[in-house]
Amino acid sequence: MAQPVISDTKAPHTLVEDALAILTGAFVISFGVMLLRQAGTLTGGTAGLAFLLHYAWDVRFGTAFFLLNAPFFVLALRRMGPAFTVKTICAIGLVSLFTELHPHFIEIARIEPLYATAIGSIAMGLGLLVLFRHRASLGGFNILALYLQERHGIRAGKVQMGLDFAILAASLFVVSLPLVAISIVGAFMLNLIIAMNHRPNRYLA
C-alpha cells in the first residue's frame, strides 16, 4: 500500500490563525495564573516576579506583569523581528487583561494549593506552546529562551527552567516554604511540557 507523502515545506499561519491562537493561548495562560494566585503559589520568569510584587506589596499582577516585560520588547524587536514583537506584546497585554478579569466571572471558594498549582501550570504550559508555535511568547525570559533556541539550538525549556528556579529561590523571602515547594513542582511541570513538545525543526507550520 502506498504511504502518504508528507511535505516538509513550512506552511505559514494566516493572520486570522495567529490572532485566534494568541487570543486562545493568552486566555488559557491567564486562567492558569488565576489558579496559582488563588493557591498563593507562583511560577518563574517575569510572571514569577509579578507574583512576588503582588504578594509582597499588593501590586496588581496584570500591571506588574506588563511593566516587567516592557524592557524586553527592545530585545525582541532586534533579535526576533517586528512580527514576533507585535504578537508578543499583544499576548502579554491580553494575559495581563484576562488575569484581572477572571475574578469578575469566577469565584473559587476552596482549592488545594497542590492541585491548583498542577492544573494551573499545565494550563500555562499548553498556552505557551500555542504562542510559541505561532511565533509569539510572553516576553521576558521567554524571549531570551526562544532566541537561544533559534540561534544556538539550546532548548527553550532548559533555559526557562534554570531562570525559573532562580526566581523561585528568591520567593523564599515572600512565600512560605511549603508553597515554594509546590511552586517548584508546578514550574517543573510547566517547563517539562515545553521541553518535550517544543524542539527545533519539530513543528513545521
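Below, the structure is looked at part by part.

1. Some points on the environment of His 134
Moving on, step 1. Structurally, His 134 is set in the loop between α6 (113–132) and α7 (141–152).
Moving on, step 2. Residue His 134 is classed as buried on the basis of its relative accessible area, which comes to 11%.
Moving on, step 3. In sequence terms His 134 and His 13 are 121 residues apart; their C-alpha atoms lie 7.2 Å from each other.
Moving on, step 4. Excluding anything up to four places from it in sequence, His 134 contacts His 13, Glu 17, Asp 18, Ala 21 and Lys 87.
Moving on, step 5. Within the structure, the side chain of His 134 is placed 3.5 Å from the side chain of His 13, a separation counted as a polar contact.

2. Remarks on the pattern of salt bridges
Moving on, step 1. Inspection of every chain in the model, using the stated rule, returns four salt bridges.
Moving on, step 2. Asp 18 is paired through a salt bridge with Lys 87; the nearest N and O atoms lie 3.6 Å apart. Residue Asp 18 is found in helix α1 (residues 15–39), and its partner Lys 87 is found in helix α5 (residues 82–101); the two are separated by 69 residues along the sequence. Per residue, the accessibility class of Asp 18 equals that of Lys 87, and both read buried.
Moving on, step 3. Here Arg 37 and Glu 100 are joined by a salt bridge, their closest N and O atoms 3.8 Å apart. You can see Arg 37 sitting in helix α1 and its partner Glu 100 sitting in helix α5, a full 63 residues away along the chain.
Moving on, step 4. Judged by its relative accessible area of 17%, Arg 37 is buried.
Moving on, step 5. Look at Glu 100 and you get buried, because its relative accessible area is 17%.
Moving on, step 6. In this structure, a network of salt bridges that share partners links the residues Arg 37, Arg 60 and Glu 100.

3. Considerations on helix α4 (residues 72–80)
Moving on, step 1. Among all positions of α4, only Phe 73, Ala 76 and Met 80 are buried. Viewed end-on, α4 has its buried residues packed into an arc of 75°, placing them on one side of the element.
Moving on, step 2. Positive phi shows up at Gly 81, right after α4, with a value of about 100°.

4. Let's talk about the packing of aromatic side chains
Moving on, step 1. The tally for this structure, following the rule as stated, stands at five aromatic pairs.
Moving on, step 2. Their ring planes at 45° and their centres at 4.8 Å tell us that Phe 51 and Phe 61 sit as a pair that is tilted. Here the residue Phe 51 occupies a position in helix α2 (residues 45–57), and Phe 61 occupies one in helix α3 (residues 61–69), the gap between them amounting to ten residues.
Moving on, step 3. Taking the centre distance of 6.0 Å and the plane angle of 65° together, the rings of Phe 66 and Phe 73 count as edge-to-face.

5. Concerning α2
Moving on, step 1. For α2, with 13 residues, the first-to-last C-alpha span of 18 Å sits near the 18 Å given by 1.5 Å per residue.
Moving on, step 2. For α2, the complete set of buried residues consists of Gly 45, Thr 46, Ala 47, Gly 48, Ala 50, Phe 51, Leu 52 and His 54.

Scoring rules and cut-offs
- Residues numbered from 1 in each chain as written.
- Predicted model: local features only at pLDDT ≥ 70, side-chain atom pairs only at ≥ 80, totals over all residues.
- Heavy atoms only, no water.
- Helix = DSSP H or I, 4+ residues; strand = E, 2+ residues; numbered from the N terminus.
- Buried < 20%, exposed > 50% of the residue type's maximum accessible area, 1.4 Å probe, protein only.
- Contact = heavy atoms within 4.5 Å.
- Polar contact = N/O pair within 3.5 Å; in protein donor to acceptor, adjacent residues only side chain to side chain.
- Salt bridge = Lys/Arg side-chain N within 4 Å of Asp/Glu carboxyl O.
- Arc of directions from axis to C-beta.
- Phe/Tyr/Trp six-rings, centres within 6.5 Å; stacked < 30°, edge-to-face > 60°.
- Expected span 1.5 Å × (residues − 1).

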